[in-house]
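# Observations on chain architecture
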Amino acid sequence: MTGRLEGRIALVTGATRGIGAALTTRFAAEGATVVAADLRERPGDHSRFVQCDVTAPDDLTTAVEFTEAEFGGLDIMVNNAGLGAAADLTELSDEEWSRVIGVCLTGTFHGIRSAAPALTRRGGGAILNLSSLAARRAMPGMGAYSAAKAGVEALTRSAAAELRPVHIRVNAIAPGLIRTAAAESGGEALSRGVGMDLPEFFDRRQGRWGETDEVARAAVHLVSDESSFTSGLVYSIDNSAGVF
């Protein structure tokens with residue numbers, strides 16, 4: 001059976017761990033050629049690697065140029081790279097604020113701007129940005145991350161409107177609590193952010209951890225022809241049924 005991304009060429013940032021690693025694995029399983037862009041390479045993925053700091057616009061340009069030179073084009077861009085800073089706003093340093101905004105929001109902008117010409121040369125394509133439930137929920141200690149992800153959602157809608165004439169769809173995924181090494185190690189900060197211990201949160205709100213491949217499977221749908229009439233959408237993956 002032919003994969004849903006057969007023959008497509010994808011570039012994924014923040015691709016060597018967590019959700020990014022699941023995206024590269026699932027995209028490859030669906031037939032895509034995947035370039036994994038990240039600060040450090042990790043063995044065992046199903047993709048080609050290019051070193052990339054999303055806060056450096058030249059790095060994104062180089063990653064796109066590498067993808068086109070190696071594989072002949074670019075069809076899918078996923079802006080996944082992100083990080084947080086567990087601190088109240090009144091205690092957050094300028095450096096921490098700038099780093100979170102730089103990676104999560106400005107890095108997404110760099111990805112959109114760098115990928116759009118390459119996607120246009122292919123006659124169109126798909127851009128997928130990673131948001132978070134924190135974009136729409138007040139989470140103490142996660143103000144910089146929440147602000148950045150809310151910005152990602154606004155950026156997604158603007159890019160969708162601007163790039164529609166060149167047949168580029170732009171959507172976002174907003175995951176809830178997903179089981180990654182970073183999330184599990186940050187349990188105390190997450191508990192404060194959601195306002196209760198994680199076991200209570202799962203019992204009352206989300207039911208359980210989400211798994212990275214559950215995000216990846218939704219991502220495949222949004223970047224494939226299955227969603228060819230969908231753009232400007234923020235797709236929530238949190239199992240909370242709106243209970244918060």
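Scroll up to find the structure.
The text that follows walks through the structure, step by step, so that each part is easy to find. Everything numeric here is computed off the predicted structure, so don't read it as measured data.

Basis of the calculations
- Residues numbered from 1 in each chain as written.
- Predicted model: local features only at pLDDT ≥ 70, side-chain atom pairs only at ≥ 80, totals over all residues.
- Heavy atoms only, no water.
- Salt bridge = Lys/Arg side-chain N within 4 Å of Asp/Glu carboxyl O.
- Helix = DSSP H or I, 4+ residues; strand = E, 2+ residues; numbered from the N terminus.
- Buried < 20%, exposed > 50% of the residue type's maximum accessible area, 1.4 Å probe, protein only.

To continue, consider the pattern of salt bridges. Counted according to the given criterion, the structure contains ten salt bridges. Of the charged contacts in the structure, one is a salt bridge between Glu 30 and Arg 4, with a shortest N-O distance of 3.0 Å. One end of the pair, Glu 30, is in the loop between helix 1 (18-29) and strand 2 (33-38); the other, Arg 4, is in the segment before strand 1 (9-13), and 26 residues separate them in sequence. Relative accessible area serves as the criterion here: at 32%, Arg 4 is assigned to the partly exposed category. Put simply, Glu 211 and Arg 179 hold a salt bridge, and the shortest N to O gap is 3.0 Å. Pair noted here: Glu 211 is in the loop between helix 7 (198-206) and helix 8 (212-223) and Arg 179 is in the loop between strand 6 (168-175) and helix 5 (181-185), with a separation of 32 residues, a long-range link. On the basis of relative accessible area, Glu 211 is assigned to the partly exposed category, the value being 30%. Looking at Arg 179, the relative accessible area reads 35%, which means it is partly exposed. Three or more residues are tied together by salt bridges with common partners; here these are Arg 4, Glu 30 and Glu 226.

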